[in-house]
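Results of the structural survey
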Amino acid sequence: RISMAHDENSPVDGLVEVAEPADKAYFQAHIMDVEAKKYLVRYVGEEEACWVDAVRVRHIPKPLTAEEQNKDWQVGDTAEVSFEEDQIQSWWEGVVSMAKGGFYVLSFPDANDQTQTEVVEKDRLRPAYGHHPAKFDKKVFPVAREIRPDVRLTEHLLPKMARHADLFALRLTPDARELIAIGSPSALDTAHVLINMHFVKAPALAKVVQRANSLQLKMGDANGPYSKGVPVVFQADQGNIGLLIGPKGANIKRVQAMPGVLRVDVRGDGTVTILAESQEEGEAARSQLEVVVEKVPIAEKDVGWVIGKGGKTVQELQAISLCKINVINDGGEARVELAGPKGNVDKAKALMAYTIESALEQRETEAKIMSLSDNLRNLGFEQSSGYP
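Presented here is a report on the structure given in the accompanying data block. Predicted model, so just to flag it, every value in this text is computed and none were measured. (Residues numbered from 1 in each chain as written. Predicted model: local features only at pLDDT ≥ 70, side-chain atom pairs only at ≥ 80, totals over all residues. Heavy atoms only, no water.)

**Some thoughts on the side chain of Arg-126**
The condition is simple: Secondary structure elements follow DSSP: runs of H or I of four or more residues count as helices, runs of E of two or more count as strands, with numbering from the N terminus. By the criterion applied in these results, polar contacts are pairs of N or O atoms within 3.5 Å in which, for protein atoms, one can donate a hydrogen and the other can accept it, and in which residues neighboring in sequence qualify only through two side-chain atoms. Note on contacts: a residue pair is in contact if any heavy atoms of the two residues lie within 4.5 Å.
Relative to the assigned elements, Arg-126 resides in strand β10 (residues 125-127). Looking at Arg-126, its side chain comes within polar contact range of the side chain of Glu-80, at 2.8 Å. When residues no more than four places from it in sequence are discounted, the contact partners of Arg-126 are Glu-17, Arg-58, Pro-61, Leu-64, Trp-73, Ala-79, Glu-80 and Trp-91.

**Considering unusual backbone geometry**
Basically, it comes down to this: Each residue gets one of three labels from its accessible area relative to the maximum for its type: buried under 20%, exposed over 50%, partly exposed in between, using a 1.4 Å probe on protein chains only.
Here Gln-87, not a glycine, exhibits a phi torsion of approximately 65 degrees, which is positive. Along the chain, Gln-87 turns up in the loop between β6 (78-85) and β7 (88-100). Despite not being glycine, Lys-248 shows a phi value in the positive range, around 55 degrees. By relative accessible area, which is 80% here, Lys-248 ends up exposed.

**Some details on helix α9 (residues 312-321)**
Our working definition: Note: the arc covers the axis-to-C-beta directions of the helix.
Listed in full, the buried residues belonging to α9 are Thr-313, Val-314, Leu-317 and Ser-321. Each buried residue of α9 sits inside an arc of 95 degrees when the element is viewed along its axis, so together they form one side. Those residues of α9 that are exposed and aimed more than 90 degrees away from the buried face are Lys-312 and Ala-319. Residue Leu-322 follows α9 closely and has a positive phi angle near 60 degrees.

**Considering the pattern of salt bridges**
To be explicit about the condition: Here, a salt bridge means any side-chain nitrogen of Lys or Arg that lies within 4 Å of a carboxyl oxygen of Asp or Glu.
Counted according to the given criterion, the structure contains 16 salt bridges. Among the ionic pairs, Glu-93 bridges to Lys-24, the shortest N-O distance being 3.9 Å. Separated by 69 residues along the polypeptide, Glu-93 in strand β7 and Lys-24 in the loop between β1 (15-20) and β2 (25-34) bring together distant segments of the chain. A salt bridge links Asp-33 to Lys-138; the shortest N-O distance between them is 2.9 Å. Residue Asp-33 is located in strand β2, and its partner Lys-138 is located in strand β11 (residues 137-142); the two are separated by 105 residues in the primary sequence. Among the residues examined, Lys-138 registers a relative accessible area of 29% and is labelled partly exposed.

**Let's talk about the nonpolar core**
Convention followed: Residues belong to a common nonpolar core when they are buried Ala, Val, Leu, Ile, Met, Phe, Trp, Tyr or Cys residues joined through side-chain atoms within 4.5 Å.
If you look at the biggest cluster of nonpolar residues, it comprises 20 residues, and the most contacted ones within it are Val-151, Leu-167, Leu-170, Leu-172, Leu-179, Ile-195 and Phe-199. Secondary-structure elements contributing two or more residues to this core are α3 (158-165), β12 (169-172), β13 (178-183) and α4 (185-222). Here this core takes six residues from α4, the largest share from any one element. Val-18, Tyr-39, Val-52 and Ala-169 belong to the second largest nonpolar core, which has 17 residues in total.

**Thoughts on the sheet that holds β12**
Rules: The criterion for strand pairing is that DSSP finds at least two bridges linking the strands in question. Under this scheme, a helix contributes an axis fitted over its contacting stretch, all axes are lines through C-alpha atoms, and angles between N-to-C directions fall in the 0 to 180 degree range.
Spatially, β11-β13-β12 is the arrangement adopted by the three strands of the open sheet, whose pairing is antiparallel. The sheet is open, and its two borders are formed by β11 and β12, each paired with just one other strand. Taking the axes of each pair of neighbouring strands and ignoring which way they run, one obtains an average angle of 15 degrees across the sheet. Bridging between β12 and β13 involves four bridges; their strand directions are antiparallel. Following the sheet pairing, Leu-170 is matched in β13 by Ala-181. Across the sheet, α3 lies against β12 and β13, angled at about 150 degrees from β12, the strand it touches most.

**Structural notes on the environment of Met-98**
Relative to the helices and strands, Met-98 resides in strand β7. Between the C-alpha atom of Met-98 and that of Val-75, which follows or precedes it by 23 residues, the distance is 5.7 Å. The contact partners of Met-98, leaving out residues within four places of it in the chain, are Val-75, Phe-103, Tyr-104 and Val-105.

**Here's the deal with helix α7 (residues 279-289)**
Along α7, the positions that sit buried rather than exposed are Gly-282, Ala-285 and Leu-289. Taken down its axis, α7 places every buried residue within 60 degrees of arc, on the same side.

**Looking at the sheet that holds strand β16 (residues 271-276)**
Taken together, three strands build an open sheet; the order of strands is β14-β16-β15 and the sheet is antiparallel. The open sheet has two edge strands, β14 (230-235) and β15 (261-266), and neither has a second partner. Ignoring which end each strand starts from, the neighbouring axes of this sheet average 15 degrees apart. By the bridge criterion, five bridges tie β15 to β16 in an arrangement that is antiparallel.

Honestly, it's all geometry; don't read function into it.
See the structure below:
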């Protein structure tokens, strides 16, 4: 068996269609080796390869043109119908026996002269291309013992060489002793030059690959904590990192305790990474951590209550909410600017509203006490409560 040198969808992976003559069906396969009248193929979805007669193999038909895609199929037309099972596609030749409303009934005669029918939509049909056996030549390039490890390590470069040489397929044997090239005689001649050059450069190229692999492993170790979970990344203003983190990391600790949050990392450049079990949980954590700025209008008469004597009240609000609070009074247009994680800003707004309402209530209560005291004084009662 011969190993694949690249992805199965590569244009130089040796993909062909192999006919099952009795059913007029075609199955996709990769050509692994070529002999005089036989090809070694590995069917798509299969692990083992097998030899088939060369006359059963044809090239993959070209993609449908716009005209072919819009073809109006008529009764009696021969077409190939796509079938898919376990994500493996095959094409079966049949005859249109009925066409109605964008659907077609196709008949498929088998080897026993029994006819099967299938109702299909247009997008499963393509023209019957007929069977034209594909012809391939092969050339084997022995790999010197001393460079076999290097050639194996640089196997990922084979598709590039195959494309440059216009090869149909280029593969390294599992023991790395041979490179097998499949294609036209002229393509094989070009491949001869490229492969010999590759053999010369392989040791130096392999060192580069080894170095890259080593660095990749180190990167994997560095990213180990982030190997599981869904990352949510955002950029914070460097000037707001202190607000985002909170005193002694209070905000980070609070967010890390949220459901589904695995890790929170804040870098000096303002990059914040939240690792969570799901995207939704990560975004929920972000909403509680990302610094926002909100401007809350207040009445000018309430400015004093928010600031407090000597700024005591606003300092208390900042300490409790973990927000930066700035009270601005521009002559009749007073407002409070709140900066911090959204959850903290919400707390600050609630605390500020409570402070103002409590102050107003206290003012109303004191006014009531003043009124009652005046009334009692007028009635001849003396008060000793501390109020007039």
